[in-house]
Amino acid sequence: MNRTLTYFLIGLLSLVLLGILGLGGIYVWATKDLPGFTRITDYRPPLVTTVYARDNSTIGYFYREKRFLARLDEMPSHLPLAFLAAEDDSFYRHEGIDFRAIMRAFMKNMQAGSIRQGGSTITQQVIKRLLLTSERSYERKIKEAILAYRLERYLSKDEILTIYLNQIYLGAGAYGVESAARTYFGKHVGELTIAEAALLAGLPQAPSKYNPLNNPEAAFSRQLYVLQRMLALGWITSEQYDTAINEEMVFTSMKDPSWGTGSWYLEEVRRRLIEYLSEDNMEKQGIKLERYGEDAVYESGLHVYTTMEPKHQAAAEEALRQGLIDSTKRRGWRGPLEHLEAKEAREAFLQENPVAPETLVNNAWVKVLVTNVSQKGADVSFGEYSGFMDVESMHWCRTPDPKVATDFVAAVKDARTVVKAGDVVWAQIVLPENDKKDAEPAQFTADTKFKLAIAQEPDVQGALVSIEPDSGDVVALVGGYSFAESQYNRAVQAKRQPGSAFKPIVYSTALDNGYTPASIVLDAPFVYTDDATAKIWRPENFSGKFYGPTLLRTALVKSRNLCTIRIAQAIGIPPIVERAKALGFDAPFPFDLSVSLGSVAVSPLNLTEVYTAFAHEGMRAKHRMVTSIKSAWDEPIATFEPEQTEAISPQNAYIMASLMKEVVRDGTGFRAKVLKRPLGGKTGTSNDERDAWFVLISPYLVTVSYVGFDDLTPMGKWETGSRAASPIVVDYRRAVEEDYPVQDFPMPPGIVQVRIDGNTGNLAGPASSLSYFLPFKEGTQPTIVEGSAPRHGADDSKSGEDLMKQMF
């Protein structure tokens, strides 16, 4: 008996030892190639980088996985409880492994004959998602359990739960609970109700199957299960449960502003971030991030703060679009988008291009099918709607001829010369007929007759940049007509000849080399032979006329080419180039006279930066688009302070700003007078009207617009800076001027203002028929009253007769 018991005990002990050895062997086998888990303790998942405007509104996002980091204290308490109820209600009691859940899953898997249920805790799910694969095997489960037990020795429960709630995929491209809250409910995670939290908590098991946008019944069934579990666990009251199950679910996604208004700005910020966060620059700047370059931008969850003003950006985009549309109309009608001859093709067009009634607002663009044409206009159809395009809206639809300005072409009087039945064209909604000026979209029916105006998308392009000169902040930047159609950013990437927009640099240089606003400059034919090429250059004024002896003030105001060339020849090209570089021109300069007429190409952004010195007392502001970059945890990474350099003296800047005010008052910038503010301006037009520019300056804002074809095709007769570019700036500034108090350019010490004779440059006298009140550096102002002495100016030793002789 005793011997039998002894043998039994020995056998039992042997089995226990063998079991222990077996388990030890399994442990050694399972742990020999376990991945290191300590990197989870420094959890840095791929996160969305957010770019903010100056008012902290969101411009857009950069990401590969749409995941926004949310701390546990930013979530309502019922949200983590909902996930725990659905996935792991004993989370705060176990040590990473729930043996009851494992046994329950084991029994069900044995009954099924295959692995159907996992029994994983939340800690195990974190291990699986971050370190292991999703393979269904007992080997993976063993490794998962070992790592989960170890992880709980390193991280607190709250830290593990935070990782889980940020890492979990919840369908519809949403990673983490913050992204899911935005995707399904259009709100932030902190705003979720119990019902909404329960619905999200039901998603991890099968995100596609329980997606409420695609399968609401399954989603609600799973939501009910989660709510019942929360009630059974005592985590919500009966009243909360009743409220939750009766709550109506409203599904809506938070609008993603990316690549809408501000697309050009956002893309330039993206490009600069990638460059700034390159591996080499990060090492140089001492920046510590897990990722660099494009990976840092798309996965680090950065918070990027910019200087963009949403109101300015929207106004700039609208102004540029309208300006380009107006420009393309002045060139004439290019023809229909397509012509559909067959009846079947026309019917197919209407069926394949439905029109939503909410889009039919005033000035909205829509593709229409011309169904009938008479002299007075054309009947059109679009979707289920119809309307009429009056011939008056076609007045601009002449045959294109770049050699003839639209002013000299008769308006179209017969719609049949423009379109025919079967043509597909763009049109703009004007107003519903029958005096339905205030018609709501819901009132539109198939019987509603719309009034439309024929339209044409521009083939010409352009750009607009606006900078606050005291800081260099770029408040608006637009690089073309449509970002969706072309991502080429003309505001930054296009370098074009500025034409006469370069002349202020020449005149600024002249003021420091013996000239004053009252100097007399000869406007006469000019012939120049290039010694290097033996080519002869005969520049002309835009008007083709010569005006003889001209005030320096008037030469700039009227943008006289020949006067400018003579000034450049007198003072020399080297000091002009030196001044241009001091003002920030980023371009190589040839040392020839063509430089004075703007032959050196420049980007709109660079030209805007140059003009900040004239607007801000001689201080050139380096443009700034990003003010700071912060990590996902709001830790500062980089801060960019305003940078300014004294480029010219305050006296020089004041005189130039005053002369540019004369350009607006009495010259080519006259369109800006409608703003009724003290503003300075300068137009620019390159040869054959290939490029058109306008610059408008004030002490608080410098704005530049550019218009031109990407392939440098001439835009057509009279498509100048004054006509093509200045209306764009004026429209933009009209929308934003009210944001700034009225300010004039402050007059620095060392300036005197006197009234001079507009013809001679002497002090104005009783006999002066034309006079101007102009600033001078103290000691350079005229001292002789008109009528009592020879003319004043850089050439005042020469009489008017002598100057005229230089013409020949």
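From a predicted model like this one, the values you see are computed outputs, not experimental measurements.

Points about the pairing of strand β11 (residues 449-455)
Along any regular strand, the residues point their side chains to alternate faces of the sheet. A large share of β11 lies buried, amounting to 5 of its 7 residues. Across 4 bridges, strand β9 (residues 385-390) lies against β11 in parallel orientation. Among the inter-strand pairings, Gly387 is bridged to a residue of β11, identified as Phe450.

Concerning unusual backbone geometry
Of note in this structure, Ala172 is not a glycine but carries a positive phi near 55 degrees. With respect to the helices, strands and loops of the structure, Ala172 is situated in the loop between α6 (157-167) and β4 (174-175). You can call Ala172 partly exposed: its relative accessible area is 40%. Residues other than glycine seldom take positive phi values, yet Leu712 does so here, at roughly 65 degrees.

Structural notes on the packing of aromatic side chains
Under the counting rule described, the total for this entry stands at 24 aromatic pairs. Taking 4.8 Å as the distance between ring centres and 50 degrees as the angle between the ring planes, the aromatic pair formed by Tyr169 and Tyr175 counts as tilted. Overall, the relative accessible area of 31% leaves Tyr169 in the partly exposed class. By relative accessible area, which is 23% here, Tyr175 ends up partly exposed. Consider the rings of Phe502 and Phe585, whose centres lie 5.3 Å apart with planes at 65 degrees: the pair is edge-to-face. With Phe502 in the loop between β13 (473-478) and α16 (503-511) and Phe585 in the loop between α19 (573-582) and α20 (604-615), the pair connects residues that are 83 residues apart, well separated along the chain. Comparing Phe502 with Phe585, the two get one shared label, buried. The rings of Phe62, Trp259, Trp264, Tyr298 and Phe483 are connected pair by pair, giving a single aromatic cluster. Between Lys157 and the ring centre of Phe91, over which it is positioned, the NZ or CZ distance is 4.5 Å. The lysine or arginine in question, Arg321, covers the ring of Tyr481, its NZ or CZ lying 4.2 Å from the ring centre.

Side note on the packing of α16 against α20
At a minimum axis separation of 11 Å, α16 and α20 run at an interaxial angle of 40 degrees. With respect to their mutual orientation, α16 and α20 come out oblique. Between α16 and α20 the crossing geometry is left-handed. Together, Pro504, Ile505 and Ser508 of α16 and Val610, Tyr611 and Phe614 of α20 make up the contact between the two elements. Each residue belonging to the contact of α16 with α20 can be placed in one class, and the counts come to 5 nonpolar, 1 polar and no charged.

Things to note about the sheet that holds strand β23 (residues 691-698)
Within the open sheet, the 5 strands sit side by side as β13-β12-β24-β23-β22. Their pairing is antiparallel. Among the strands making up the open sheet, the edge pair consists of β13 and β22 (680-685). Ignoring strand direction, the axes of neighbouring strands in this sheet form an average angle of 10 degrees. Bridge analysis of strand β12 (residues 461-468) against strand β24 (residues 701-708) gives 7 bridges, and the strand direction is antiparallel. When the bridges of β24 are listed, Gln461 appears paired with Gly708. Packed onto the sheet, helix α14 (residues 310-331) meets β12, β13 and β24 and runs at close to 35 degrees relative to β13. Strands β12, β13, β22, β23 and β24 of the sheet are contacted by helix α22 (residues 721-736), whose axis makes an angle of about 140 degrees with β24.

Quick word on the sheet that holds strand β19 (residues 626-630)
If you walk across this open sheet you meet the 5 strands as β2-β1-β5-β19-β20, and the pairing is mixed. Of all strands in the sheet, those bounded by a partner on one side alone are β2 (58-62) and β20 (636-639). The average undirected angle you get between the axes of adjacent strands in this sheet is 15 degrees. One ladder, built from 3 bridges, connects strand β1 (residues 49-52) with strand β5 (residues 303-306); its direction is parallel.

Considerations on the pattern of salt bridges
Taken as a whole, this structure holds 42 salt bridges when the rule is applied. A salt bridge links Arg44 to Glu290; the nearest nitrogen and oxygen atoms lie 4.0 Å apart. Of this pair, Arg44 sits in the loop between α1 (2-31) and β1 while Glu290 is found in the loop between α12 (279-285) and α13 (293-299), placing the two residues 246 residues apart along the sequence. Assessed through its relative accessible area of 40%, Arg44 is described here as partly exposed. Accessibility expressed as a relative area gives 57% for Glu290, which makes it exposed. For the salt bridge of Lys311 with Glu738, the shortest nitrogen-to-oxygen distance reads 2.9 Å.

Structural notes on helix α2 (residues 78-87)
Most of α2 is tucked away: 8 of the 10 residues are buried. All of the buried residues along α2 are His78, Leu79, Pro80, Ala82, Phe83, Leu84, Ala85 and Ala86.

Brief notes about the packing of α16 against helix α18 (residues 561-571)
α18 packs onto α16 with a crossing angle of 45 degrees between their chain directions and a minimal axis gap of 10 Å. If you check the angle between α16 and α18, you find them oblique. Relative to α18, α16 is oriented so that their crossing is left-handed. Along its contact with α16, which presents Lys503, Val506, Tyr507, Thr509 and Ala510, the element α18 presents Asn561, Cys563, Thr564, Ile567, Ala568 and Ile571. Classifying every residue of the contact of α16 with α18 by side-chain character gives 7 nonpolar, 3 polar and 1 charged.

Points about the environment of Thr261
Assignment of secondary structure puts Thr261 in the loop between α10 (238-246) and α11 (263-276). For Thr261, a relative accessible area of 45% corresponds to the partly exposed category. Considering only alpha carbons, one finds Thr261 and Pro310, 49 residues apart in sequence, at a separation of 8.1 Å. Setting aside residues up to four positions removed in sequence, Thr261 forms contacts with Gln313, Ala314 and Glu317.

A short note on a nonpolar patch on the surface
Together, Phe408, Phe542 and Trp718 line one region of the surface with nonpolar side chains, adding up to about 360 Å² of accessible area. Residue placement: Phe542 occurs in the loop between β16 (536-537) and β17 (548-551). The exposure class assigned to Phe542 is exposed, which follows from its relative accessible area of 52%.

Quick word on the environment of Met282
Of note, Met282 is situated in helix α12. The spacing of Met282 and Tyr292 is 10 residues in sequence and 7.7 Å in space, taken between C-alpha atoms. Here Met282 is in contact with Tyr276, Leu277, Ile287, Leu289, Arg291 and Tyr292, once residues within four sequence places are set aside.

What about the pairing of β5?
The side-chain alternation of β5 yields two buried faces, one formed by His303 and Tyr305 and the other by Val304 and Thr306. The pairing of β5 with β19 spans 4 bridges and is classified as antiparallel. By the bridge assignment for β19, Tyr305 is matched with Ser628.

Quick notes on α22
The end-to-end C-alpha distance of α22, which contains 16 residues, comes to 21 Å, matching closely the 22 Å that a straight helix rising 1.5 Å per residue would cover. Roughly 25 degrees is the biggest bend found in α22, and it falls at Pro727. Regarding α22, the residues found buried are Gly721, Ser722, Arg723, Ala724, Ala725, Ser726, Ile728, Val729, Val730, Tyr732, Arg733 and Val736. Tucked into the core, α22 has its buried residues touching α14, β12, β13, β22, β23 and β24.

Regarding the side chain of Glu152
Tracing the backbone through its elements, the reader meets Glu152 in helix α5 (residues 138-154). At 2.6 Å, the side chain of Glu152 and the side chain of Thr123 are in polar contact. Excluding anything up to four places from it in sequence, Glu152 contacts Phe91, His94, Glu95, Gly96, Thr123, Lys157 and Ile160.

Conventions and cut-offs
Residues numbered from 1 in each chain as written. Predicted model: local features only at pLDDT ≥ 70, side-chain atom pairs only at ≥ 80, totals over all residues. Heavy atoms only, no water. Buried < 20%, exposed > 50% of the residue type's maximum accessible area, 1.4 Å probe, protein only. Helix = DSSP H or I, 4+ residues; strand = E, 2+ residues; numbered from the N terminus. Pairing = 2+ DSSP bridges. Phe/Tyr/Trp six-rings, centres within 6.5 Å; stacked < 30°, edge-to-face > 60°. Lys NZ or Arg CZ within 6 Å of the ring centre and 35° of its normal. Axes fitted to C-alpha atoms, helices over the stretch in contact; angles between N-to-C directions. Parallel < 35°, antiparallel > 145°, perpendicular 65-115°, else oblique. Left-handed = near helix turned anticlockwise from the far one by under 90°. Contact = heavy atoms within 4.5 Å. Nonpolar A, V, L, I, M, F, W, Y, C, P; charged D, E, K, R; others polar. Salt bridge = Lys/Arg side-chain N within 4 Å of Asp/Glu carboxyl O. Patch = residues over 30% accessible without salt bridge, like charges linked within 9 Å, V, L, I, M, F, W, Y side chains within 5 Å. Areas by Shrake-Rupley, 256 points an atom, 1.4 Å probe, with all protein chains shown as cover. Expected span 1.5 Å × (residues − 1). Bend = angle between axes of the 7 residues up to and from the residue. Polar contact = N/O pair within 3.5 Å; in protein donor to acceptor, adjacent residues only side chain to side chain.

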